[in-house]
Amino acid sequence: MTYANSPDVKGETIQLRGVSKTYTTAKGSLPVLRDVDLQIEAGEFVSFVGPSGCGKSTLLKIIAGLVGYDEGTVTIGGQPPREGREDIGFMLQQSVLMPWLNVSKNVELPFVIARRRGPDTPKRVADLLELVGLSHAATLNSWELSGGMQQRVALARALALDPGVMLMDEPFSALDEFKREYLNIEVAQMADRLGTTTILVTHSIGEAVLMSDRIIALGANPGRIVGDIAVDLPRPRHRDMVGSDRFQKISNAVRDALSIGFEV
Ligand code: ADP
Ligand code: MG
């Protein structure tokens, strides 16, 4: 089954089996994830929701290869996670733009780092800026950008090497509600078009319902999956779906799953 509208899904399958993780801290060991089993299909858009500290970011970093795990297996496109994989794009809550580089140069950075800068790079950078609606801002400096524009640059940069997997850790949480909803819709439609496998970490149940094919609800202490809710709203997603009966039913199902997770 494919989830994207794109005819050729390039997204990769993500598989976690019995994944557990304990951090060692000055105060002793802190179990954060216990026995996480999860299969995400190629092209699927999945959100992780759950209370603060339940391990959402840790789970995302494990998939990105930025943090190790103690037990279980993880594969992305059949391969174990590894830092610096070019087929994985990562976008954070606060965009980390290089202040001495303009918008265009920031988007070019992944090509430079991966030693893939070539004659066709300027065209690719221009295409990426168009994709995120920033063609008019190519020569602006990062301090001249609004929060929404900075996140658009971060998105273009995460998509630069055409990754099969996009990981996003609360990328919209610093934005006001209007900008946020606007970008929610745009990014959901973009993921459809590009066919990436996408994981979004969010605090907002509404955002998760609006964007995802499936919502994974996580409980805390230690982090574990307490709900797996399908979002059977049609695609492409639109703002006027918010508040429909179906939308409310799905939101309530997520809330129900999460309240089970709070009973410890
Ligand atoms: P979430 O993203 O759901 O808020 P995190 O994955 O960031 O949760 O953190 C889960 C728990 O692990 C929290 O209690 C946090 O304080 C702790 N934690 C996160 N990163 C580290 C680390 N590098 N070392 C020790 N503890 C950590
Ligand atoms: Mg987090």
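Peer 1: Help me out: how do you make sense of the overall build of the protein chain in this one?
Peer 2: Scanning the protein chain for helices and strands turns up seven helices and nine strands. Against the compact-globule benchmark of 18 Å for 264 residues, the protein chain has a radius of gyration of 18 Å, which places it among compact chains. Across the 264 residues that make up the protein chain, the buried fraction comes to 51%. Long-range pairs, those at least 24 residues apart, make up 71% of the contacts in the protein chain with a sequence separation of at least 6. Carbon and sulfur atoms make up 52% of the accessible area of the protein chain, which totals about 12,400 Å².

Peer 1: Just to check I follow, could you spell out the domain arrangement of the protein chain for this structure?
Peer 2: The figure often quoted for interface size is the accessible area lost as the parts come together. Domain assignment breaks the protein chain into domain 1 (1-87 + 164-264) and domain 2 (93-162). Centre-to-centre separation of domain 1 and domain 2, based on C-alpha positions: 24 Å. The interface is formed by 18 residues belonging to domain 1 together with 16 residues belonging to domain 2. Summing both sides of the interface, domain 1 and domain 2 together bury roughly 1,400 Å²; the carbon and sulfur share of this comes to 60%. The three residues of domain 1 that bury the most area against domain 2 are Glu86, Met166 and Met190, which together make up 35% of that side's buried surface. Here domain 1 and domain 2 share three salt bridges between them. Among the salt bridges present, the one from Glu186 reaches Arg152, with a minimum N-O distance of 3.1 Å.

Peer 1: Explain the site of ligand 1 to me, please; I cannot follow it from the model alone.
Peer 2: Close to ligand 1 lie Tyr23, Thr25, Leu30, Val32, Pro51, Ser52, Gly53, Cys54, Gly55, Lys56, Ser57 and Thr58, which account for all nearby residues. Contact distances for ligand 1 include 2.9 Å between an oxygen atom and a side-chain N or O atom of Lys56. Here an oxygen atom of ligand 1 sits 2.5 Å away from a polar atom, N or O, in the side chain of Thr58. Within the complex, 62% of the 560 Å² of free accessible area of ligand 1 lies under protein.

Peer 1: Would you mind going over the side chain of Glu108 with me for this structure?
Peer 2: Counting through the fold element by element, Glu108 comes out in helix H2 (residues 103-113). With sequence-adjacent residues up to four places away left out, Glu108 is seen in contact with Arg117, Thr121 and Val125.

Conventions and cut-offs
Residues numbered from 1 in each chain as written. Chains lettered and ligands numbered in written order. Predicted model: local features only at pLDDT ≥ 70, side-chain atom pairs only at ≥ 80, totals over all residues. Heavy atoms only, no water. Helix = DSSP H or I, 4+ residues; strand = E, 2+ residues; numbered from the N terminus. Rg over C-alpha atoms; globule rule 2.2 N^0.38 Å. Buried < 20%, exposed > 50% of the residue type's maximum accessible area, 1.4 Å probe, protein only. Contact = heavy atoms within 4.5 Å. Areas by Shrake-Rupley, 256 points an atom, 1.4 Å probe, with all protein chains shown as cover. Domains from an automatic or database assignment. Buried area = accessible area lost by both parts, 1.4 Å probe. Salt bridge = Lys/Arg side-chain N within 4 Å of Asp/Glu carboxyl O. Near = heavy atom within 4 Å. Polar contact = N/O pair within 3.5 Å; in protein donor to acceptor, adjacent residues only side chain to side chain.

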